[in-house]
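Here is what each chain is made of, one letter per residue.
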Amino acid sequence: MHVSKLSSLSLSLSLSLSATEASDVEFLGLSLVAKRFETSHVLGALLASSPLLAQAWSHCTHANASNSSFVVEHHDDTVYVAFSGTQTSALSSSVAGGELFGPVPISTGGGQELFAPLVGGKGDDAQPVLVQAAALRLFLSLYNSSEFRLLVSETGSRSVVLTGHSMGGCVASLVALHFLCSSAGSGSPSPASLLCITFGSPLLGDDALSRAVLRERWSGRFCHVVAQHDIMPRLLLCPLNSMPPRLVTSVTDLMQSWHFAVRYPGFSRPSFRLSDDQRTELHRFVGVHVAAAEQQQKSPYRPFGNHALCSAEGAACIDDPLIVVKLLHLTFMADPGSSSIEEQHISYGDLVAEISQNVLSKKRIRIEEEPTRSSGYSAGVSMALEASGIRIQDMGAAEARECLETRMWRRPNMNCASLAIKLAKVTPCRAQIEWYKTLCDDDMGYYDCFKHRKAAKRDAKVNMNRIKLGHFWDGLLAKLQDNELPHDFHRRSKWVNAAQFYKLLVEPLDIAEYYRCKLHETRGHYLPHGRARRYEVFDRWWNEGEEEVREAATWKKKKRSKFAGLTQDSCFWAKVEEARECVKRARAEKNPAKLAKLWDSVSGFEGFANRLIERKEVSVDVMAPRSSYSLWVEEVKELKLKRASSVLVGVER
């Protein structure tokens, strides 16, 4: 397979993240409705019509039948690395205990360095990334082998497809994550382009891993192929420790049967079959718990990357983790027809061939069955449902349709586009505050004008704008907290810069309101007791911003020739208020030790303010004749003269 084909497919998979985003939608909200389209079946058809799946599965069968942990094969300029799914047969007996399939921190056993971008959570609310213990143990064992070092050198600067069946898919995913983490840093050589394809792989990590992959924009690097009635990709959504003993026996027997079938493909498959009662019980157990996983996260595991949900009719590629969990349930509960739970997990070769044949023969859904749904978007949803194995007459068809039809509007990227429109609507509020600041700069500055309410009507309007802007940004943070926005949202320069400008402009007004209402007398000073959480978050965004965000602000690296438009420390005025109180207390303080401490505080702020002014990182309103800072400077001079006079009097005596 040529590199160009691999690259185009990888790009197509990445489009599942951004196909409905349409970057211009973020700026042209009016076109949002016009750009609605469903892409999951298109991406599935593209995947099925390429030779990539067939080649990947072929290498998986070779790896499963070999005595090695992985096999390496070359196709043109592409390196295929397939990881064995039979190396874990000994683990199948541990299904009941759940210890090996339980989650552990990805930093376990040296993962701190191997997965650095994933391990290093940002902020106070960061969660550690958890992964399946069995998969991590297998990866670390592989990583410490001489064969892996040879693999790294062989795949460096090459186009690479990593693949694996069952647990081999989990190992392939961890190797892919390691390569991606290495390429993000300055570590060992990494592939030039990378795609990971798994077949019937159990879930690997938790919600923190899913969010981290989205944050790093790696979702397009992973394609997890899932057959409609394969229990393995769904099993870890179930609480294994609550599985009835007889069901544990059934699953263990199934896994042993699967292991024999893929490890020794030359032999006829064993005749092991579940009884009707066993099959019904297993189907009910998996179905009930996967359905419960949609509503409440009893299982720690969550999907990440793209999932190709396959049936004999085709494939639908979904990248939204919540939608994937829901469709894992609905597709599993659909009528199995002639397929069986026993065969699905080891029949991906037949499934891939059938899908490819159906796609190439251009088999289409009969749209006339739904005369009331005539839009192109609705037709796309119907094709996606059929491709995933859900027929119109199936019990969950309506629920699945609603899930896909509302998918676009629930997508984080669409929420981001909607927020961009709302930001444009509140921009006049910001502009009016800027105008207010300009009017006040020459007298006492906008901080003191707002604090003392010199123009009641004008100040009331500014206060209303301040409150509106606060509500907008608090609503944005609430959406981010609820995972309704892209997980790399806080790294997008547009939003980082907008939040920073808002903070520098509006936080001085919040400080003025705090001290005007004398809240410092009951709660304490603003910085430790009154600062809104949003400003702390925006500080973190700015300080942790990507390098391009910093580079965009080239003025940060150059010496200023004039004063800043906005004081670069948004809490400057809160520090002024604390410094003024120190001066006030110093006037009346008789205790030498306490007085010395107060003078240290005054001197510390004086040095800090002088440095800001010297670097011209303050706005001209700071030096306004009647500003709080100018008054503080005069108070300090007066206090210093008084202190000097006291010293002279003491010497004369």
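See the structure shown above.
Residues numbered from 1 in each chain as written. Predicted model: local features only at pLDDT ≥ 70, side-chain atom pairs only at ≥ 80, totals over all residues. Heavy atoms only, no water.

> An account of the overall build of the chain is needed here, citing residue identities and associated values.
A count of helical and extended segments in the chain gives 29 helices and 11 strands. Here the chain, with 653 residues, has 53% of them falling under the buried criterion. Partitioning the contacts of the chain with sequence separation of at least 6, the portion at a separation of at least 24 is 79%. When the accessible surface of the chain is totalled, it reaches about 29,700 Å², and 53% of it is carbon and sulfur. (Helix = DSSP H or I, 4+ residues; strand = E, 2+ residues; numbered from the N terminus. Buried < 20%, exposed > 50% of the residue type's maximum accessible area, 1.4 Å probe, protein only. Contact = heavy atoms within 4.5 Å. Areas by Shrake-Rupley, 256 points an atom, 1.4 Å probe, with all protein chains shown as cover.)

> Explain the side chain of S311 to me, and be specific about the residues and the numbers.
Here S311 shows up in strand β10 (residues 306–311). Engagement of the side chain of S311 in a polar contact is seen with the backbone oxygen of A387, the distance being 2.8 Å. Setting aside residues up to four positions removed in sequence, S311 forms contacts with Q228, L351, I355, E386, A387, S388 and G389. (Polar contact = N/O pair within 3.5 Å; in protein donor to acceptor, adjacent residues only side chain to side chain.)

> Run through the packing of aromatic side chains, naming residues and quoting values.
Counting across every chain of the model gives 29 aromatic pairs. When the centroid spacing of 5.0 Å and the interplanar angle of 75° are considered together, the rings of F222 and F304 count as edge-to-face. Of this pair, F222 sits in strand β8 (residues 222–227) while F304 sits in the loop between β9 (301–302) and β10, and the two are 82 residues apart along the sequence. An identical accessibility class is assigned to F222 and F304; each is buried. Arranged with centres 6.3 Å apart and planes meeting at 80°, the rings of W473 and W495 form a pair that is edge-to-face. Here the residue W473 occupies a position in helix α21 (residues 456–481), and W495 occupies one in helix α22 (residues 493–516), the gap between them amounting to 22 residues. For W473, a relative accessible area of 2% gives the class buried. Grouping aromatic residues by their ring pairs yields a cluster made of F472, W473, F489, W495, Y502, Y535, F538 and W541. (Phe/Tyr/Trp six-rings, centres within 6.5 Å; stacked < 30°, edge-to-face > 60°.)

> Give me the sheet that holds β10: which residues, what numbers.
Taken in spatial order, the seven strands line up as β1-β2-β5-β6-β8-β10-β11 in an open sheet, and their pairing is mixed. Of all the strands in the sheet, the pair left with one neighbour each is β1 (70–75) and β11 (314–318). This sheet shows a mean twist of 20° between the axes of neighbouring strands, independent of strand direction. Relative to strand β2 (residues 78–83), β1 runs antiparallel, the two sharing six bridges. Looking at β2, one finds that F70 is bridged to F83. Seen against the sheet, helix α2 (residues 40–49) touches β8, β10 and β11 and runs at an angle of roughly 120° to β11. (Pairing = 2+ DSSP bridges. Axes fitted to C-alpha atoms, helices over the stretch in contact; angles between N-to-C directions.)

> Which residues make up the environment of V636, and what values go with them?
By secondary structure assignment, the location of V636 is in helix α29 (residues 628–652). Between the C-alpha atom of V636 and that of V602, which follows or precedes it by 34 residues, the distance is 8.2 Å. Not counting residues up to four positions away in its chain, the partners in contact with V636 are V583, V602 and E606.

> A description of helix α17 (residues 397–405) should follow, citing residues and the corresponding values.
Along α17, the residues classified as buried are A397, A400, R401, C403 and L404. Along the axis of α17, the buried positions cluster into a sector of 160°, meaning they face one direction only. Turned more than 90 degrees off the buried face of α17, the exposed positions are A398 and E402. (Arc of directions from axis to C-beta.)

Note that all results are geometric; they support no functional claim without further evidence.
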